[in-house]
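What the coordinates show
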Amino acid sequence: MKVILNIQDKDTILHLAADLDNDLEKKDITKLLYYFSEDCEIELLGLTLKSHSGVKKWLKWFFQFFESIKFEPIVIIADNNTFFEEFFIHGITKNNDKLNIKVSEVLIYENYKIKSLRLYFDRLLFADAAITGFLSKKIVNLIKKKSIEGLVA
């Protein structure tokens, strides 16, 4: 991806990012497309989704996990065209379970539209929300336990 050098107003970027979070909580895909440029890219889980069709695919994927969601900011940094946020997603899943996931995102803005969105989170926490059944949950929990072996006593 090329480096975008256009300087944008920090307060406007902060306001747009807050509006994006508020509209994500409402789960209105049509309204959310407004925030993204036509040629945007979204990177998550080792995948790159492009354009508004990629945004729709990401949003449908994301919303399938939650009946309701709420974002809680931890750290926010904005500089020129770049917005960074570490935050919690607090959600109620389709199975009526509570889910709390720590996420980091980097947004690159061009002309006050999101040109690039990169998301970083623990995919196993999403797997917990997606799977049903005793055996599937047991396997995910075993993988989670194995992945931190040696780090905890």
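All values reported here derive from a predicted model rather than from experimental measurement. (Residues numbered from 1 in each chain as written. Predicted model: local features only at pLDDT ≥ 70, side-chain atom pairs only at ≥ 80, totals over all residues. Heavy atoms only, no water.)

Let's talk about the overall build of the protein
Scanning the protein for helices and strands turns up five helices and six strands. Reading the secondary structure of the protein in the N-to-C direction produces α-α-β-β-α-β-β-β-β-α-α. By its C-alpha atoms, the protein is 50 × 35 × 25 Å across when sized along the principal axes. Evaluated residue by residue, the protein yields a buried proportion of 39% over its 153 residues. Accessible area of the protein: about 9,100 Å², with a carbon and sulfur share of 57%. Across the protein, 22 positive and 22 negative side-chain charges occur, with their mean positions spaced 7 Å apart. (Helix = DSSP H or I, 4+ residues; strand = E, 2+ residues; numbered from the N terminus. Buried < 20%, exposed > 50% of the residue type's maximum accessible area, 1.4 Å probe, protein only. Areas by Shrake-Rupley, 256 points an atom, 1.4 Å probe, with all protein chains shown as cover. Lys, Arg positive; Asp, Glu negative; His and termini not counted. Charge placed at Lys NZ, Arg CZ, Asp CG, Glu CD.)

What about the sheet that holds strand β2 (residues 47-50)?
Spatial ordering of the open sheet is given by β2-β1-β6-β5-β4-β3, a layout of six strands whose pairing is mixed. What marks the edges here is a single partner per strand, and that holds for β2 and β3 (66-79). Ignoring which end each strand starts from, the neighbouring axes of this sheet average 20° apart. Summarising the sheet, strand β1 (residues 36-44) and β2 pair through four bridges and their orientation is antiparallel. The residue bridging Ile42 from the neighbouring strand is Leu49, located in β2. The strands that helix α1 (residues 10-26) touches are β1, β3, β4 (82-93), β5 (98-110) and β6 (113-120); relative to β3, the one it contacts most, it runs at about 170°. Where helix α3 (residues 51-63) meets the sheet, its contacts fall on β1, β2, β3, β4 and β6, and the angle it forms with β1 comes to roughly 45°. (Pairing = 2+ DSSP bridges. Axes fitted to C-alpha atoms, helices over the stretch in contact; angles between N-to-C directions. Contact = heavy atoms within 4.5 Å.)

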